[in-house]
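Fold and geometry: a report
If you want the building blocks of each chain, they are given just below.
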Amino acid sequence: MSGLVLYGLDISPPVRACKLVLRALDLDYQYKQVDVLAGEHFKEEFKKKNPQNTVPLLEDNGALIWDSHAIVCYLVDKYAKTDELYPKDLLARAQVNQRLYFDASVLFMSLRNVSIPYFYHNVTLVPKEKVDNIKSGYAILESFLGDNPYVTGSTLTVADLCCGATASSLAAILELDATKYPKVAAWLERLSKLPDYEGGLKEYIELLRPVLTLEH
Ligand SMILES: N[C@@H](CCC(=O)N[C@@H](CS)C(=O)NCC(=O)O)C(=O)O
């Protein structure tokens, strides 16, 4: 057993992304459940490890890393046998990083800006601008894909696993319209064949979709 410990819960999209990368690298790790819905991430013990109070959090022989994007890059750099998932070539890496920052700052935020108000304040009405943010995320992904099977080209990278974990979860708010975004639909279908892809996806969608009302 490695010294790796992942803290999280399956319904979390960024936790799913980390689990997909751990699986792709065939790494052993201990999984410690943090029940975010019950507020466990605000407990002092967890706060000491991650003052941002978010999951996922990775512990590697005592070193602490959080934010899924930092975690997945670290895992590939440290443990992968090849650099395919996170290329060392500077330009290729810059492109993967761009997609990772897009996921962190745009795509995931369009989800979080709806899920946090619901989970913490029971806000079920999703204003039009937040619905539009989801549509815009789908449209940007469609353009990233172009004629390629993956978001940076012909090979799967951590950018697909992070963006894919978020994009699949957006269906919790607004189901993807495959006629408008056929490339995103085909890409998600491709990713869905990966082992452990499902994780807590269905559960996450079922938690939100039935209770939300969207303004159009
Ligand atoms: N950018 C972060 C986002 C992490 C995040 O917001 N995780 C959610 C679960 S999906 C969380 O911990 N929410 C609890 C909170 O922010 O209070 C990442 O990629 O790790």
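Residues numbered from 1 in each chain as written. Predicted model: local features only at pLDDT ≥ 70, side-chain atom pairs only at ≥ 80, totals over all residues. Heavy atoms only, no water.

As recorded by an unreviewed UniProt entry, the protein chain carries the name Glutathione transferase and is attributed to Drosophila ananassae. According to its UniProt record, the protein chain has this under Subunit (unreviewed entry): "Homodimer." (UniProt positions renumbered as here; feature names shortened; annotations may be inferred.)

1. Considering the nonpolar core
In terms of nonpolar packing, the biggest core is built from 70 residues, with Leu-75, Leu-141, Val-158 and Trp-187 touching the most fellow members. The element that contributes the greatest number of residues to this core is helix H4 (residues 90-121), accounting for 8 residues. Split by domain, the residues of this core number at least three in each of domain 1 (4-79) and domain 2 (90-214). Apart from the residues lying within four places of it in its own chain, the contact partners of Val-158 are Val-21, Val-72, Val-76, Leu-85, Tyr-86, Val-96 and Leu-100. (Core = buried A, V, L, I, M, F, W, Y, C linked by side-chain atoms within 4.5 Å. Buried < 20%, exposed > 50% of the residue type's maximum accessible area, 1.4 Å probe, protein only. Helix = DSSP H or I, 4+ residues; strand = E, 2+ residues; numbered from the N terminus. Domains from an automatic or database assignment. Contact = heavy atoms within 4.5 Å.)

2. Thoughts on the UniProt feature "domain: GST C-terminal" (unreviewed entry) in the protein chain
In the numbering adopted here, UniProt assigns the feature "domain: GST C-terminal" (unreviewed entry) to residues 89-214. Secondary structure across residues 89-214 comprises 63% helix and 3% strand; the distance between its end C-alpha atoms is 43 Å.

3. Examining the pattern of salt bridges
For the coordinates displayed, the defined rule picks out 9 salt bridges. For Asp-196, the salt bridge identified is with Arg-23, shortest N-O distance 3.2 Å. In this pair, Asp-196 sits in the loop between helix H7 (182-191) and helix H8 (201-208) while Arg-23 sits in helix H1 (residues 13-24), placing the two residues 173 residues apart along the sequence. The class of Asp-196 is partly exposed, set by a relative accessible area of 42%. Taking the relative accessible area as the measure of exposure, Arg-23 reaches 42% and is therefore partly exposed. For Lys-202, the salt bridge is made with Glu-206, and the minimal N-O distance between the two is 3.9 Å. (Salt bridge = Lys/Arg side-chain N within 4 Å of Asp/Glu carboxyl O.)

4. A word on the domain arrangement of the protein chain
Considered domain by domain, the protein chain is made up of domain 1 (4-79) and domain 2 (90-214). The centre of domain 1, based on its C-alpha atoms, is set 20 Å off from the matching centre of domain 2. Tallying the contact residues gives 18 residues for domain 1 and 24 residues for domain 2. Note on domain 1 versus domain 2: buried area summed over both sides is about 1,900 Å², and carbon and sulfur give 70% of it. On inspection of domain 1 and its partner domain 2, the count reaches 2 salt bridges. Counting the contacts that link domain 1 with domain 2 gives 9 residue pairs in polar contact (both at pLDDT 80 or more). Where the side of domain 1 that touches domain 2 is concerned, the elements lending two or more residues are H1 and helix H3 (68-79). Looking at which element gives the most residues to the side of domain 1 that touches domain 2, the answer is H1, with 7 residues. (Buried area = accessible area lost by both parts, 1.4 Å probe. Polar contact = N/O pair within 3.5 Å; in protein donor to acceptor, adjacent residues only side chain to side chain.)

5. A closer look at the side chain of Ser-168
Structurally, the position occupied by Ser-168 is in helix H6 (residues 158-169). Within the structure, Ser-168 has its side chain in polar contact with the backbone oxygen of Gly-164 (distance 2.8 Å). Leave out the neighbours within four places in its chain, and Ser-168 touches Arg-16, Leu-188, Tyr-197, Leu-201 and Ile-205.

6. Thoughts on the packing of aromatic side chains
A complete count under the given rule lists 5 aromatic pairs for this structure. Aromatic side chains Tyr-7 and Phe-46 sit 6.2 Å apart centroid to centroid with 65 degrees between the ring planes, which places their arrangement in the edge-to-face category. A residue pair is termed long-range when its members are at least 10 positions apart, and Tyr-7 in strand E1 (residues 4-8) and Phe-46 in helix H2 (residues 44-49) qualify at 39 residues. Accessibility assignment for this pair places Tyr-7 and Phe-46 in one class, buried. The cationic tip of Lys-19 hangs over the ring face of Tyr-31; the distance from NZ or CZ to the ring centre is 3.9 Å. (Phe/Tyr/Trp six-rings, centres within 6.5 Å; stacked < 30°, edge-to-face > 60°. Lys NZ or Arg CZ within 6 Å of the ring centre and 35° of its normal.)

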